[in-house]
Amino acid sequence: MTRLSSNHLLGLKNLTAEDVQLIFETADNFKAVLNRPIKKVPSLRDITIANVFFENSTRTKISFELAEKRLSADVVNFSSSSSSVSKGETLIDTVNNILSMKVDMVVMRHPAPGAALFLSKNVDAQIINAGDGTHEHPTQALLDAYSIREKLGSLEGKKVVIVGDILHSRVALSNIYCLQKLGAHVAVCGPPTLIPKHIAALGVQVFYKLQDALDWCDVANMLRIQMERQETKYFPSLREYSMQYGLTMEHINKLSKEITVMHPGPINRGVEISSEVADSEQSIILNQVENGVAIRMAVLYLLAGQKEG
Ligand code: CP
């Protein structure tokens, strides 16, 4: 297979396992390029990409921009805080104005769940979702699964627990879809107030005690508490959350096996993960960030190749 089943990347729900494998194989080639002294290929030199960010980002924005530049694409960056959105311009008008300047693809982060799908149905360009509210963050899940594959060889039969604020997390949902497609067993762990009521319908196991989840898993993916998406209090205080669900060396030392520790970032040291664990040999947090560039190069390259299709 040399083509993805979709002309956009809106989420992991509707991608096939074959799509994910194709992205991984393509990323393997780009990872080799990124390890060369000259980290650039001419693949997208006739393509212009707009990075349209309506929400803050460090990793995703820089990673997409680097991926685009490594592929020799022309790049423009849009940030809502310095744009005419504050003057009342709609999302469709904003993007259509950018597209009229001969832009081919749009990478968009937006606070509204479904914004990427909405845009794909209303403008004439390929859309890549860089995170839509609490819904999906497909390239994060792809780079997470790719990093587990790199560390453990395969996803098949591996047990991955996602710990923390599952309710507000687009990373959790995309990870669940992606990991299950690749044959992994997925669980979530957190306070009952931060676990969606019907999550078991997605085929995931639920733990409420961190040590039980760690005893079960091969990989623990620690999530940040997303204060910016919480309109009410879901637990008494961050200190209490941290005492119940913050991963420390004390938890790790109780295990009779080695686990891999992940985090999508940004990390809050001393809240969901201690500095000692974040910086330990078991942590692949910076490998995830490194792999993000190769994964995003793969996604951009594959989508650009099927532009007319
Ligand atoms: N993981 C992630 O999406 O980080 P940013 O918000 O910094 O892009």
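Keep in mind that this is a model prediction, so the values were computed, not measured.

Peer 1: In this structure, what is going on with the pairing of strand 3 (residues 105-110)? I would like to understand it.
Peer 2: Look at any regular strand and the pattern is simple: side chains alternate between the two faces of the sheet. When you tally the buried positions in strand 3, you get six out of six residues, the bulk of the element. Alternating positions in strand 3 separate into two faces, Met105, Val107 and Arg109 on one and Val106, Met108 and His110 on the other, with burial throughout. Pairing geometry for strand 1 (residues 48-53) and strand 3, over five bridges, is parallel. In the sheet register, Phe53 faces strand 3, and the bridge partner there is Arg109. Bridging between strand 3 and strand 4 (residues 126-132) involves five bridges; their strand directions are parallel.

Peer 1: Would you mind showing me how to read the packing of helix 1 (residues 17-34) against helix 5 (residues 138-152) here?
Peer 2: Packed helices, taken two at a time, are described by the angle their axes make and the gap between the axes. Close contact between helix 1 and helix 5 brings their axes to 11 Å; oriented N to C, the two are set at 70°. In this view, helix 1 runs roughly perpendicular relative to helix 5, as classed from their interaxial angle. Seen from helix 1, the contacting residues are Val20, Ile23, Phe24, Ala27, Asp28 and Lys31; seen from helix 5, they are Leu142, Ala145, Tyr146, Arg149 and Glu150. Here the contact of helix 1 with helix 5 is composed, by residue class, of seven nonpolar, no polar and four charged.

Peer 1: Can you walk me through the site of the ligand in this structure?
Peer 2: Close to the ligand lie Ser57, Thr58, Arg59, Thr60, Arg109, His137, Gln140, Pro264 and Gly265, which account for all nearby residues. One of the side-chain N or O atoms of Thr60 is found 2.6 Å from an oxygen atom in the ligand. Residue Pro264 places a main-chain N or O atom 2.8 Å away from a nitrogen atom belonging to the ligand. Look at the ligand: alone it shows 260 Å² of surface, and the protein chains cover 90% of it. When grouped by side-chain class, the residues that make up the shell around the ligand number one nonpolar, six polar and two charged.

Peer 1: It is not clear to me how helix 3 (residues 91-99) should be interpreted in this structure. Could you clarify?
Peer 2: At 3.6 residues per turn, the α-helix brings residues three or four places apart onto the same side. The complete set of buried residues in helix 3 reads Leu91, Thr94, Val95, Ile98 and Leu99. For helix 3, the arc enclosing every buried residue in end-on projection is 135°, short of the 170-degree limit, so these residues lie on one face. Lining the buried residues of helix 3 we find strand 1, strand 2 (74-79), strand 3 and helix 4 (115-122).

Peer 1: Looking at this model, I keep getting lost on the sheet that holds strand 4. Mind explaining?
Peer 2: Within a sheet, adjacent strands bond to each other through the backbone by hydrogen bonds, running parallel or antiparallel. A sheet is described by the order of its strands in space; here four strands give the open sequence 2-1-3-4, paired in parallel fashion. The two strands at the open ends of the sheet, each matched to only one other strand, are strand 2 and strand 4. With strand direction ignored, the average angle separating the axes of adjacent strands in the sheet is 15°.

Peer 1: Can you help me understand the sheet that holds strand 7 (residues 205-207) in this one?
Peer 2: Taken together, the five strands give an open sheet; going across it, the order is 7-6-5-8-9, and neighbouring strands pair in parallel fashion. Each of the sheet's edge strands pairs with one partner strand only, and the pair in question is strand 7 and strand 9 (260-262). Neighbouring strand axes in the sheet, compared pairwise and without regard to direction, differ in orientation by 25° on average. Where strand 6 (residues 185-189) and strand 7 come together, three bridges link them in parallel fashion.

Peer 1: Help me out: how do you make sense of the nonpolar core in this one?
Peer 2: Note that soluble globular proteins tend to have their nonpolar side chains buried in a common cluster. Among the nonpolar cores identified, the biggest contains 63 residues, and Ile23, Ile128, Leu142 and Leu300 are the most heavily contacted of them. Among the elements that line this core, the one with the most residues is helix 11 (residues 285-305), at ten residues. The next biggest cluster of nonpolar side chains, apart from the first, holds 28 residues, and it includes Cys189, Ile259, Ala278 and Ile285.

Peer 1: It is not clear to me how the environment of Leu10 should be interpreted in this structure. Could you clarify?
Peer 2: The residue Leu10 is located in the segment before helix 1 in this model. Note: C-alpha distance between Leu10 and Lys209 (199 residues apart in sequence) is 33 Å. Setting aside residues no more than four positions away along its own chain, Leu10 makes contact with Ala116, Leu117, Ser120, Ile127, Asn129, Glu136 and Pro138.

Peer 1: Hey, could you run me through the pattern of salt bridges in this one?
Peer 2: Should their charged atoms come close, side chains of opposite charge can pair. This model, assessed by the stated rule, comprises six salt bridges. Put simply, Glu150 and Lys31 hold a salt bridge, and the shortest N to O gap is 2.6 Å. One end of the pair, Glu150, is in helix 5; the other, Lys31, is in helix 1, and 119 residues separate them in sequence. Taking relative accessible area as the criterion, Lys31 reaches 15% and is therefore assigned buried.

Peer 1: Is there a simple way to explain the pairing of strand 5 (residues 159-163) in this structure?
Peer 2: Of all five residues making up strand 5, four are buried, and the element is well covered by its neighbours. As judged from the five bridges shared by strand 5 and strand 6, these two strands associate in the parallel manner. Across the sheet, residue Val160 finds its bridge partner in strand 6, namely Val186. Between the parallel elements strand 5 and strand 6, the chain passes through helix 6 (residues 170-181) in a crossover that is right-handed. Where strand 5 and strand 8 (residues 219-222) come together, four bridges link them in parallel fashion. Each bridged residue has a counterpart across the sheet, and for Ile162 the counterpart in strand 8 is Asn221.

Parameters at a glance
- Residues numbered from 1 in each chain as written.
- Predicted model: local features only at pLDDT ≥ 70, side-chain atom pairs only at ≥ 80, totals over all residues.
- Heavy atoms only, no water.
- Buried < 20%, exposed > 50% of the residue type's maximum accessible area, 1.4 Å probe, protein only.
- Helix = DSSP H or I, 4+ residues; strand = E, 2+ residues; numbered from the N terminus.
- Pairing = 2+ DSSP bridges.
- Axes fitted to C-alpha atoms, helices over the stretch in contact; angles between N-to-C directions.
- Parallel < 35°, antiparallel > 145°, perpendicular 65-115°, else oblique.
- Contact = heavy atoms within 4.5 Å.
- Nonpolar A, V, L, I, M, F, W, Y, C, P; charged D, E, K, R; others polar.
- Near = heavy atom within 4 Å.
- Polar contact = N/O pair within 3.5 Å; in protein donor to acceptor, adjacent residues only side chain to side chain.
- Areas by Shrake-Rupley, 256 points an atom, 1.4 Å probe, with all protein chains shown as cover.
- Arc of directions from axis to C-beta.
- Core = buried A, V, L, I, M, F, W, Y, C linked by side-chain atoms within 4.5 Å.
- Salt bridge = Lys/Arg side-chain N within 4 Å of Asp/Glu carboxyl O.
- Right-handed = clockwise from strand over helix to strand, strands pointing away.

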